[in-house]
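Structure at a glance
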Amino acid sequence: MTTVARSPNLTAPEARRRLAHERDSRLTQLSAIEAGAALADKELSSAQAAAIRRVLTEISAAEDRVADGTYGACQRCGSGIPVERLEILPYARYCVGCQQKS
Ligand SMILES: [Zn+2]
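Basis of the calculations
- Residues numbered from 1 in each chain as written.
- Predicted model: local features only at pLDDT ≥ 70, side-chain atom pairs only at ≥ 80, totals over all residues.
- Heavy atoms only, no water.
- Salt bridge = Lys/Arg side-chain N within 4 Å of Asp/Glu carboxyl O.
- Helix = DSSP H or I, 4+ residues; strand = E, 2+ residues; numbered from the N terminus.
- Buried < 20%, exposed > 50% of the residue type's maximum accessible area, 1.4 Å probe, protein only.
- Donors = N, O, S within 2.8 Å, 3.2 Å for Na, K, Ca; no water.
- Tetrahedral: all angles 85-135°; square planar, octahedral: opposite > 155°, others 65-115°.

**Some words on the pattern of salt bridges**
Summed over the entire model, instances satisfying the criterion amount to seven salt bridges. Put simply, R23 and E63 hold a salt bridge, and the shortest N to O gap is 3.0 Å. In this pair, R23 is assigned in helix α1 (residues 12–36) and E63 in helix α2 (residues 42–68), connecting sequence segments 40 residues apart. We classify E63 as partly exposed; its relative accessible area is 23%.

Shown next, in the form of structure tokens:
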């Protein structure tokens, strides 16, 4: 067998890299919205900007969890969040089961 077993969790540097990438893309979206806000629908723009700011807060919280070693563990049930989920949503707080219950 030449395949390497996948880690059940993202490594801290990998998690940080993904979170930094997420932040960059949100900040780009945010500045595009703010630049277009004068022309576009103001209410829609501010709703979008608020949603992006919430994600940025989640990204910062996820970075804190990387720092304290709790990243990748569901904050409700404590089980590991599958790496496939973290690849899609690197700032996920909960496993899929708990997310659906919330
Ligand atoms: Zn859970």
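**Some remarks on the coordination of the zinc ion**
The protein atoms that coordinate the zinc ion are C74 (SG), C77 (SG), C95 (SG) and C98 (SG), at distances of 2.3 to 2.4 Å. Between the four donor atoms coordinating the zinc ion, the angles at the centre fall across 104 to 117°, so the site counts as tetrahedral.

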